[in-house]
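Observations on chain architecture
Each chain, written out:
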Amino acid sequence: MWEILFRHPDFVAVNKPCGVSVHQEEGEVSLTQTLAAQLGLEQVWLLHRLDKLTSGVLLFALNQQSASELAQQFAAKTMRKTYLALATDKPSKKQGWIKGDMEKSRRGAWKLTRGMENPAVTEFGSHSLEPGLRLFVLHPHTGKTHQLRVAMKSLGSPILGDTLYGGKPASRMFLHAWKIKFDYQGQTFEIVASLSEEWPLRNIDFL
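First things first, this report covers the structure right here in the doc. (Residues numbered from 1 in each chain as written. Predicted model: local features only at pLDDT ≥ 70, side-chain atom pairs only at ≥ 80, totals over all residues. Heavy atoms only, no water.)

Bringing the nonpolar core into the picture now. Counting 28 residues, the largest nonpolar core has Leu-35, Phe-60, Phe-136, Leu-138 and Leu-175 as the members making the most contacts within it. Among the secondary structure elements, those contributing two or more residues to this core are β2 (11–16), α1 (31–39), β4 (55–61), β5 (80–87), β10 (133–140), α3 (147–154) and β11 (175–184). Per-element tally for this core: the top contributor is α1, with four residues. Not counting residues up to four positions away in its chain, the partners in contact with Phe-136 are Tyr-83, Leu-84, Ala-85, Ala-87, Pro-91, Phe-124, Gly-125, Ser-126, Met-152, Leu-155 and Ser-157. (Core = buried A, V, L, I, M, F, W, Y, C linked by side-chain atoms within 4.5 Å. Buried < 20%, exposed > 50% of the residue type's maximum accessible area, 1.4 Å probe, protein only. Helix = DSSP H or I, 4+ residues; strand = E, 2+ residues; numbered from the N terminus. Contact = heavy atoms within 4.5 Å.)

Shown next as structure tokens:
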């Protein structure tokens, strides 16, 4: 059963656990079919994606009209998303912007280049939690594959548990889609997905 964060007549937000793929994997029932059955509906529409290893807010439309309207907002990049990440290595800077084109690298990974033709753009800040552990608050302004994972590696602070990009091995990859904020039919919605028990911090009131 999915943890329902918010249900509206036109859309629903769930808290996706780490390790669950948004794509249908061989021999498995798709995520959209599972959620539709849980909600007692024939169909739901997946509006965006999270990496299999990323947890947090995932938004689905409940009818074709809202699917079209909300998908346009994702395409226009008017959805305001906030992610949390943990890293053990000191970053080259503690806050600011990470910008650059991305191109395919080895083993299914991507890398950031100096080009600015179609750049990935991420705004970030960070807070020291304890020696050797830092919390990053990430605001992606574009939606490229592995964007935040590549951005963190480019800072010299790969995400804890993200071994593909040089992060230290851990029980999971510590990247979480914490908040999504958007306007819909004259109303502003902000949906928050709480952190699971695996995270070494539960109180994030200081953010």
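With that out of the way, let us pick up the packing of aromatic side chains. Applying the stated criterion to the full structure yields eight aromatic pairs. One cation-aromatic arrangement involves Arg-172 over Phe-174; the distance from NZ or CZ to the ring centre is 5.5 Å. Its guanidinium or amino end placed over the ring of Trp-178, Lys-179 lies 4.4 Å from that ring's centre, counting from NZ or CZ. (Phe/Tyr/Trp six-rings, centres within 6.5 Å; stacked < 30°, edge-to-face > 60°. Lys NZ or Arg CZ within 6 Å of the ring centre and 35° of its normal.)

Mapped onto the fold, Leu-175 is located in strand β11. Note: C-alpha distance between Leu-175 and Asp-51 (124 residues apart in sequence) is 9.5 Å. Excluding residues that lie within four positions of it along the chain, Leu-175 makes contacts with Leu-53, Thr-54, Ser-55, Tyr-83, Leu-84, Ala-85, Leu-138, Leu-148, Arg-149, Ile-159 and Trp-199.

Another point: unusual backbone geometry. We note that His-146 has phi near 60°; this positive angle belongs to a residue other than glycine. Among the secondary structure elements, His-146 is positioned in the loop between β10 and α3. The phi dihedral of Gln-185 falls on the positive side, at around 50°, and the residue is not glycine. Within the element layout of this structure, Gln-185 appears in the loop between β11 and β12 (187–192).

Our next topic: the side chain of Gln-73. For Gln-73, the position within the fold is in helix α2 (residues 64–76). Taking relative accessible area as the criterion, Gln-73 reaches 15% and is therefore assigned buried. What Gln-73 contacts, discounting residues up to four positions off in sequence, is Thr-78, Met-79, Phe-182 and Asp-183.

We now examine the pairing of β10. Along β10, seven of the eight residues are buried, which leaves the element largely enclosed by surrounding structure. Alignment of β5 against β10, held across five bridges, turns out to be antiparallel. Among the inter-strand pairings, Ala-85 is bridged to a residue of β10, identified as Phe-136. In the sheet, strand β9 (residues 120–130) pairs with β10 via eight bridges, with the strands oriented antiparallel. The residue of β10 that forms the bridge with His-127 is Leu-135. Between β9 and β10, which pair antiparallel in sequence order, lie two residues; one of them, Gly-132, sits at a positive phi of approximately 80°. (Pairing = 2+ DSSP bridges.)

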